[in-house]
Amino acid sequence: MVLDRVENAALYAALGKRFAQSFDLLKTGNLGSKEAGTYEVDGKKLYYMVQRYTTKPTAERRFESHRKYADIQVVLSGREVMGYRQVRGLEMTTPYDEAKDIMFYSTPSEYTELKMGAGEFVVLFPDDAHMPQVQWSGPAQVVKIVF
């Protein structure tokens with residue numbers, strides 16, 4: 001897991017070609033002005049989602065993880081808390097869905113809260129379970145890009 005500010009994104013281009021492409025698009029693509037939805041860059045190898053939502057209480061969110069893809073989640077506006085914990089030891093509640101590349105877990109008693117504001121991003125790898133879209137000190141409107 002990596003947590004940093006967008007102005008430092010170029011430091012992580014060395015993680016791979018698709019990471020570099022993602023961070024370049026983030027810098028040059030004016031992605032926050034697009035409608036909510038999914039946009040392909042290189043088919044299913046690299047795509048991003050523009051999300052617009054209101055954060056919710058922890059009890060209304062679930063931990064998730066992926067097997068095929070790493071996530072880069074970038075908060076463009078608003079703020080949220082993201083729960084974070086390694087997958088090992090978590091109780092699966094919804095088995096892996098290969099078509100959607102996702103599985104869900106019950107919320108563990110202990111996890112790290114990542115408080116993310118506008119201009120911050122997190123890189124999450126397949127062993128990184130995460131619970132996005134949680135409210136910080138109350139509901140907030142968020143615009144986020146997820147690669």
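Everything here concerns the structure above.
Residues numbered from 1 in each chain as written. Predicted model: local features only at pLDDT ≥ 70, side-chain atom pairs only at ≥ 80, totals over all residues. Heavy atoms only, no water.

A. Highlighting the nonpolar core. Counting residues in each nonpolar core, the largest one holds 16 residues, and the members touching the most others are Phe23, Ile72, Phe121, Val123, Ile145 and Phe147. Residues within four places of Val123 in sequence aside, it is in contact with Met1, Val2, Phe19, Phe23, Asp71, Ile72 and Asp128. (Core = buried A, V, L, I, M, F, W, Y, C linked by side-chain atoms within 4.5 Å. Buried < 20%, exposed > 50% of the residue type's maximum accessible area, 1.4 Å probe, protein only. Contact = heavy atoms within 4.5 Å.)

B. How the structure looks around the sheet that holds strand β3 (residues 46-54). Taken in spatial order, the six strands of this open sheet run β1-β10-β5-β12-β3-β2, and their pairing is antiparallel. If you trace the sheet from one side to the other, it starts and ends with β1 (2-5) and β2 (37-42), each paired once. Averaged over all pairs of adjacent strands, the angle between their axes in this sheet comes to 20°, without regard to strand direction. By the bridge criterion, five bridges tie β2 to β3 in an arrangement that is antiparallel. Considered in β3, the bridge of Gly37 is made with Val50. Where helix α1 (residues 17-28) meets the sheet, it contacts β2, β3, β5 (71-77) and β10 (120-124), and its direction lies at approximately 10° from that of β5. (Pairing = 2+ DSSP bridges. Helix = DSSP H or I, 4+ residues; strand = E, 2+ residues; numbered from the N terminus. Axes fitted to C-alpha atoms, helices over the stretch in contact; angles between N-to-C directions.)

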